[in-house]
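# Structural description and commentary
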Amino acid sequence: MPFSASPPEGPVTLSANARTVLEKRYLVKDKSGKPVEKPEDMFWRVATVVAEADRRYGASDGGVQALAEEFYFLMTQRRFEPNSPTLMNAGRPLGQLSACFVLPVGDALSNGQDGIYDTLRSMALIHQSGGGTGFSFSRLRSRGSMVRSTTGVASGPVSFMKLYDASTDAVKQGGTRRGANMGILRVDHPDVMEFISCKEDLTQITNFNISVGITTRFMEALKTDSMYDLIDPVSKQVTGQLSSREVWNKMIVGAWRTGEPGVFFIDEANRYNPVPHMGPYEATNPCGEQPLLPYDVCNLGSVNVGLFVTNGVMDWDAFKRDIQMSTHFLDNIIDVNKYPLPEIDALSKRIRRIGLGVMGFADMLVRLGIPYDSAEGVEMGRRVMEFIDVESKKESERLAKERGPFPEWARSIWGPDETAARDENSQRIRPMQMLRNCNVTTVAPTGTISIIAGCSSGLEPLFAVAFMRNQAGVRMPDVNEDFVAVAKKEGWYSEELMARIANTGSVKHAEVPAKWQAVFNTANNISPEYHIKMQAAYQLHCDSAISKTTNFGQTATIEDVKAIYEMAYEMKCKGVTVYRDGSRDNQVLSTGAT
């Protein structure tokens, strides 16, 4: 039975900013660039494509139609949004619905599969389809090493990263946006110092985020200010040593200056690899929340947790229903997706990785009257992620009973096979659990989809109460409606107050009572320690990783950044990224002061 061409009747509440972003980036357009669909049509297009997967598992025409309507209202009522490629490409010729990919980079110019130029082609196809790519360049021989086949010398990982960067500039994703990449190099690679400094010039390698793959062995050396070994990636032999403190300090200074490099705690991530028999994690997607295997992929989606608070009370039952419906949605995507490479298609169906996370968490805390930077706030973060993790796995388990577990389940950390090394692979002892998906939860940054949903981004604190967004080529004013409502209800609202807040980026004004200053405290005024505490609280109950930026005010010191990087390791985060306000031009979010 074909779906109705018109979306179901019902309320669709989108802000002006949301409609601007949808028109600029998401809606189908004619040859002149004029949209030929409305936001409601886009959501119905997505809902019908994703619901269609149920038919192959025996659902009736009526059942598929009813599910499409549930998916439609899940999105149009802003309770859940999938990652951008799903909104852009579902029901269109590309049909590529995932955001996150990792590709291998082998130590050969071309070998027909994962050589440098073979992977360059694969990257271009993924970017064209709307996905982002992550790479480990750690398998490439170091600069100056001899290449026996030509008796020449290797140019090193950084040179090839520049090649990938130039290619990314030439390929627009789906005709709408430029590609995004993550470049990772292990800390024991001989070229690590060159890699750390490769983005000191902010005009270079602009399409890459970079992170250093930090090992437990390196961190142990750092504790005693010891030297550590550099390993040749081809021969696997020790080629020299570096001072752990010197390398660490160089990373910290770079992060303080420009926000890069970030850190990927590679051994910590691999302790939670659900399918260790299929190989180790070497890289992540561009924002770092998704450690992935070579040719691995993840489709993401986020539940808008702030919407479940009414009159200061959390509706956990409604939250549970939407978690389970969102998990169903994300699993369906795997079946209807058109992947850009056969290797990706095959692996996606063997492990069926999905990534369900949150947005609107700061809104939730505000509506509950809980400061983000408080023990109560951190505990609420832990509780929210635990709830998502438990309820999404219940739905994954239900789907496994109905449709079968992911094919590699028996040998995974979830399965019955004792050789899966469940206990050694993870600090958490996991009971055998039949799941449809090898990983279920992650926390993505939700940049534009949080604008569509009209909520705060990911698990981040409020950036500001009033600020400007530089999004989709448009500068958009963004004023927190909860703050305005509270201020008017409490009797201390004024246009002059809002103007001062917009200019300074701070709610620290005499007219704002102390209680509300605490509740509406913003990212740059929250101590960096609480950023890490919140990230660690979420990580406790998250299969994958967390996209989280630890924000610093402009006056933060290098020592401040160092303390946070070390705290993140001690609290068992899988990665850490910092940003000092104003350290780059053209930042996406800015207050009047910056």
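See the structure shown above.
This one's a predicted model, so the numbers in the text were calculated from it and none came from an experiment.

### Concerning the pairing of strand E21 (residues 549-552)
Both faces of the sheet carry side chains from a regular strand, because those side chains alternate between them. Relative to strand E22 (residues 575-580), E21 runs parallel, the two sharing four bridges. The residue of E22 that forms the bridge with Thr 550 is Val 578. The β-α-β motif built from E21, the intervening helix H21 (residues 558-570) and the parallel element E22 has right-handed crossover chirality.

### Some details on the environment of Ala 400
Topologically, Ala 400 is positioned in helix H14 (residues 375-403). Between the C-alpha atom of Ala 400 and that of Leu 435, which follows or precedes it by 35 residues, the distance is 5.3 Å. With sequence-adjacent residues up to four places away left out, Ala 400 is seen in contact with Pro 405, Met 434, Leu 435 and Arg 436.

### Comments concerning helix H11 (residues 316-336)
Taking 1.5 Å of rise per residue, the 21 residues of H11 would be expected to cover 30 Å, and the 31 Å separating its terminal C-alpha atoms lies within 8% of that figure. Burial runs high along H11: 17 of the 21 residues are buried. The opening residue of H11 is Asp 315, an N-cap whose side-chain oxygen sits 3.3 Å from the backbone nitrogen of Asp 317.

### Observations concerning the environment of Val 358
Structurally, Val 358 can be placed in strand E18 (residues 354-359). The class for Val 358 is buried, based on a relative accessible area of 0%. The sequence separation of Val 358 and Ser 235 amounts to 123 residues, and the corresponding C-alpha distance is 43 Å.

### Things to note about helix H2 (residues 39-51)
Under the 1.5 Å per step criterion, the end-to-end length of H2 is 18 Å for 13 residues, consistent within 8% with the ideal 18 Å. Buried within H2 are the following residues: Pro 39, Glu 40, Met 42, Phe 43, Trp 44, Arg 45, Val 46, Ala 47, Thr 48, Val 50 and Ala 51. On its buried face, H2 is in contact with helix H1 (16-26), helix H3 (61-76), strand E1 (80-82), helix H4 (84-89), H11 and helix H16 (447-453).

### Remarks on unusual backbone geometry
Residue Glu 260 is joined to Pro 261 through a cis peptide bond whose omega torsion reads 5 degrees. With phi around 50 degrees, Thr 446 is a residue other than glycine that occupies positive phi space. The backbone of Lys 572 sits at a positive phi, close to 65 degrees, despite the residue not being glycine. You can see Lys 572 is positioned in the loop between H21 and E22. The exposure class assigned to Lys 572 is partly exposed, which follows from its relative accessible area of 36%.

### Quick notes on the state of the cysteines
All told, the structure shown has zero disulfides when counted by the stated rule. Cys 198 takes part in no disulfide bond, and the closest cysteine sulfur, belonging to Cys 287, lies 17 Å away. We classify Cys 198 as buried; its relative accessible area is 11%. With no disulfide of its own, Cys 573 lies closest to Cys 542 among cysteine sulfurs, the gap being 11 Å.

### Points about the side chain of Glu 408
Considering the arrangement of structural elements, one finds Glu 408 in the loop between H14 and helix H15 (422-425). A distance of 2.8 Å separates a polar atom in the side chain of Glu 408 from a polar atom in the side chain of His 277. Contact partners of Glu 408, with chain neighbours within four places excluded, come to Val 275, His 277, Met 278, Arg 350 and Ile 351.

### Concerning the pattern of salt bridges
For side chains of opposite charge, pairing can occur when their charged atoms come near one another. Taken as a whole and assessed by the stated rule, the structure comprises 36 salt bridges. For Glu 282, the salt bridge is made with Arg 139, and the minimal N-O distance between the two is 2.4 Å. A residue pair is termed long-range when its members are at least 10 positions apart, and Glu 282 in the loop between helix H10 (266-270) and strand E13 (283-284) and Arg 139 in the loop between strand E3 (132-136) and strand E4 (146-147) qualify at 143 residues. Of the residues examined, Glu 282 reaches a relative accessible area of 19% and is grouped as buried. On the basis of relative accessibility, which here comes to 42%, the residue Arg 139 falls in the partly exposed class. Where Lys 349 meets Asp 345, a salt bridge forms, and the shortest distance between an N and an O atom there is 3.2 Å. Placement of the pair is Lys 349 and Asp 345 together in helix H12 (residues 342-351), with a separation of four residues, close to one helical turn. Owing to a relative accessible area of 28%, Lys 349 belongs among the partly exposed residues under this scheme.

### A look at the packing of aromatic side chains
As enumerated under the stated definition, the model contains 22 aromatic pairs in all. Centre to centre, the rings of Phe 483 and Trp 492 are 5.5 Å apart; their planes meet at 65 degrees, and the pair counts as edge-to-face. Summarising the burial analysis for this pair, Phe 483 and Trp 492 share the class buried. Taken together, a centroid distance of 6.1 Å and an interplanar angle of 40 degrees make the contact between Trp 516 and Phe 520 tilted. Among the aromatic side chains, those forming a connected cluster through ring pairs are Phe 135, Phe 137, Tyr 164 and Phe 208. Over the ring of Tyr 493 we find Lys 488; its NZ or CZ atom is 5.0 Å from the centre of that ring.

### Topic: the nonpolar core
Of all hydrophobic cores here, the largest spans 128 residues; its most connected members are Ile 214, Phe 319, Phe 361, Val 384 and Tyr 538. Counting residues per element, this core draws most heavily on H11, which supplies 10 residues. Apart from residues no more than four positions distant in its own chain, Phe 361 is found in contact with Val 305, Tyr 372, Gly 377, Met 380, Gly 381, Val 384, Ser 456, Gly 458, Leu 459, Met 534 and Tyr 538. By size, the runner-up hydrophobic cluster in this structure holds 24 residues, among which are Leu 292, Phe 406, Cys 438 and Ala 444.

### Let's talk about the packing of H14 against helix H20 (residues 528-539)
Relative to each other, H14 and H20 sit at 25 degrees, their axes nearing to 8 Å. It follows from the interaxial angle that H14 and H20 lie roughly parallel. The hand of the H14/H20 crossing is right-handed. Across the interface between the two elements, Ala 375, Gly 377, Val 378, Gly 381, Arg 382, Val 384 and Met 385 from H14 touch Tyr 530, Lys 533, Met 534, Ala 537 and Tyr 538 from H20. Residues that form the contact of H14 with H20 fall into these classes: eight nonpolar, two polar and two charged.

### A word on the pairing of strand E15 (residues 296-304)
Counted residue by residue, E15 has nine buried out of nine residues, so it is predominantly covered. Here E15 shows no split at all, with Asp 296, Cys 298, Leu 300, Ser 302 and Asn 304 on one side and Val 297, Asn 299, Gly 301 and Val 303 on the other all buried. The pairing of E1 with E15 spans three bridges and is antiparallel. What sits directly across from Pro 82, in E15, is Gly 301. Relative to E15, strand E2 (residues 100-103) is paired through three bridges, and the arrangement is antiparallel.

Cut-offs used in this document
Residues numbered from 1 in each chain as written. Predicted model: local features only at pLDDT ≥ 70, side-chain atom pairs only at ≥ 80, totals over all residues. Heavy atoms only, no water. Pairing = 2+ DSSP bridges. Helix = DSSP H or I, 4+ residues; strand = E, 2+ residues; numbered from the N terminus. Right-handed = clockwise from strand over helix to strand, strands pointing away. Contact = heavy atoms within 4.5 Å. Expected span 1.5 Å × (residues − 1). Buried < 20%, exposed > 50% of the residue type's maximum accessible area, 1.4 Å probe, protein only. Polar contact = N/O pair within 3.5 Å; in protein donor to acceptor, adjacent residues only side chain to side chain. Disulfide = S-S within 2.5 Å. Salt bridge = Lys/Arg side-chain N within 4 Å of Asp/Glu carboxyl O. Phe/Tyr/Trp six-rings, centres within 6.5 Å; stacked < 30°, edge-to-face > 60°. Lys NZ or Arg CZ within 6 Å of the ring centre and 35° of its normal. Core = buried A, V, L, I, M, F, W, Y, C linked by side-chain atoms within 4.5 Å. Axes fitted to C-alpha atoms, helices over the stretch in contact; angles between N-to-C directions. Parallel < 35°, antiparallel > 145°, perpendicular 65-115°, else oblique. Left-handed = near helix turned anticlockwise from the far one by under 90°. Nonpolar A, V, L, I, M, F, W, Y, C, P; charged D, E, K, R; others polar.

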